[in-house]
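For reference, the chains in residue letters:
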Amino acid sequence: MQATNGKNIAIVCNALAGSGRATILAEKIALQLKGKNIGHSVFKETWPNHFNGFSDVFIVGGDGTLNYFINQYHGVKLPLVVFNGGTGNDFHWLLYGSKTLDQQIETALMAEPKPIDIGKCNGRYFINGIGIGFEGDVAKALTGKKKRPGKTSFLVTILKKIFTYHSKDYTIGCVGQHLSGRKLLVDISNGRRAGGGFHIAPQAKADDGLFDVVIVDSLNPLQRLRYLPVIEKGKHLHLPFIHHFRTGNIIVGSKELLQYHLDGEYEESQKLAIEILPGALNFRF
């Protein structure tokens, strides 16, 4: 459909996201734009090499789709909107909360774009966060598995791992902070939640130029089980085994291979060099 009303929107959809939910959602968005006589093109299996000629980009999928987008099109300056077509949709929740589709489309068409930070880790970009250790092990277990909407799949896997996971030794360094020893997890967050609803960094802001770092000391299985609901609700930052601080750069190392995820996508490395890129992207929200 040709551009009208000064807008021509590219809708990029991950056909695999949300077990096909993203495709259905993209079609609904396109139908609404057609009804408003707004120019748009839908891209499913094959995405364009660039977005020349478009005024905005609508990204339909979850955090993994968003991660793919920012790595494929790093440097794009067009206003972006993300629609919750994935499983966890944690970054979508940060920007749009519980808005209905109609409400979000209205916001996407009317709101002025605002700058949002992203992160860079060993050369790869991320937008919601990195989870090292226990979170990485959970992400590895979920790789290639069909996930249920929300946090159900994450919670089931967490409960399977919570009694058997062995905490690892890390060295963690940034300006003003140097920690080492056995840790259950190390979380570097731009967004406030992960795993479809676990509020691991409840005070994080995606536009302040800083990561919220949350480190959990080694806990025995019963302690993990006891405090899981507390962490899920974001009520854990005051606990004695929690370390919480903000930074724009951090290095995490280990003698063992680091298991971690970027926006839910599983990775492995010996050392992570992580930096924030303030205001790198523009979102309408």
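Scroll up a little and you will see the structure.
Presented here is an overview of the structure given in this document. This one's a predicted model, so the numbers in the text were calculated from it and none came from an experiment. (Residues numbered from 1 in each chain as written. Predicted model: local features only at pLDDT ≥ 70, side-chain atom pairs only at ≥ 80, totals over all residues. Heavy atoms only, no water.)

## A closer look at the environment of arginine 246
Argument step 1. Structurally, arginine 246 can be placed in strand S11 (residues 242-247).
Argument step 2. Linking arginine 246 and lysine 168, residues 78 residues apart in sequence, is a C-alpha distance of 22 Å.
Argument step 3. For arginine 246, the contacting residues outside a window of four places in its chain are Gln203, Asp208, Leu210, Phe211 and Asp212.
Argument step 4. One polar contact links arginine 246 to glutamine 203, side chain to side chain, over a distance of 3.3 Å. (Helix = DSSP H or I, 4+ residues; strand = E, 2+ residues; numbered from the N terminus. Contact = heavy atoms within 4.5 Å. Polar contact = N/O pair within 3.5 Å; in protein donor to acceptor, adjacent residues only side chain to side chain.)

## What about the pairing of strand S12 (residues 249-262)?
Argument step 1. Direction of pairing for strand S7 (residues 129-133) relative to S12: antiparallel, over a ladder of 3 bridges. Along S12, the bridge assignment pairs isoleucine 130 with leucine 262.
Argument step 2. The pairing of strand S8 (residues 168-174) with S12 spans 3 bridges and is classified as antiparallel. For threonine 171, the partnering residue across the bridge sits in S12 and is glycine 253.
Argument step 3. Taken together, the 10 bridges between S12 and strand S13 (residues 265-284) define a ladder with antiparallel strand orientation. Residue pairing for S13: valine 252 is matched across the bridge by leucine 272. (Pairing = 2+ DSSP bridges.)

## Some details on helix H1 (residues 21-35)
Residues that lie three or four places apart on an α-helix share one face, since the helix turns once every 3.6 residues.
Argument step 1. Its 15 residues place the ends of H1 21 Å apart at the C-alpha level, agreeing with the 21 Å of an ideal helix rising 1.5 Å per residue.
Argument step 2. The complete set of buried residues in H1 reads Ala22, Thr23, Leu25, Ala26, Ile29, Ala30 and Leu33. The arc that holds every buried residue of H1, seen down its axis, measures 160 degrees, which confines them to one face. In H1, the exposed residues that point more than 90 degrees away from the buried face are Leu31, Lys34 and Gly35.
Argument step 3. Packing partners of the buried residues in H1 comprise strand S1 (8-13), strand S2 (39-43), strand S3 (56-61), strand S4 (80-84) and helix H4 (101-110). (Expected span 1.5 Å × (residues − 1). Buried < 20%, exposed > 50% of the residue type's maximum accessible area, 1.4 Å probe, protein only. Arc of directions from axis to C-beta.)

## Remarks on the pattern of salt bridges
Argument step 1. Within this structure, the stated rule accounts for 10 salt bridges.
Argument step 2. A salt bridge links arginine 284 to aspartate 56; the shortest N-O distance between them is 2.6 Å. Here aspartate 56 lies in strand S3 and arginine 284 lies in strand S13, a separation of 228 residues in the sequence. Aspartate 56 shares its class with arginine 284; the two are buried.
Argument step 3. A salt bridge links aspartate 169 to arginine 182, with the shortest nitrogen-to-oxygen separation between them at 3.3 Å. Of the two residues, aspartate 169 sits in strand S8 while arginine 182 sits in strand S9 (residues 177-189), which places them 13 residues apart along the sequence.
Argument step 4. Residue aspartate 169 is classed as partly exposed on the basis of its relative accessible area, which comes to 36%.
Argument step 5. Through salt bridges with shared partners, one network takes in Lys7, Asp56 and Arg284. (Salt bridge = Lys/Arg side-chain N within 4 Å of Asp/Glu carboxyl O.)

## A look at unusual backbone geometry
Argument step 1. The backbone of asparagine 89 sits at a positive phi, close to 55 degrees, despite the residue not being glycine.
Argument step 2. Within the secondary structure, asparagine 89 is located in the loop between S4 and helix H3 (90-96).
Argument step 3. For aspartate 263, which is not a glycine, the phi torsion comes out positive at approximately 55 degrees.
Argument step 4. Structurally, the position occupied by aspartate 263 is in the loop between S12 and S13.
Argument step 5. Its relative accessible area of 5% is what places aspartate 263 among the buried residues.

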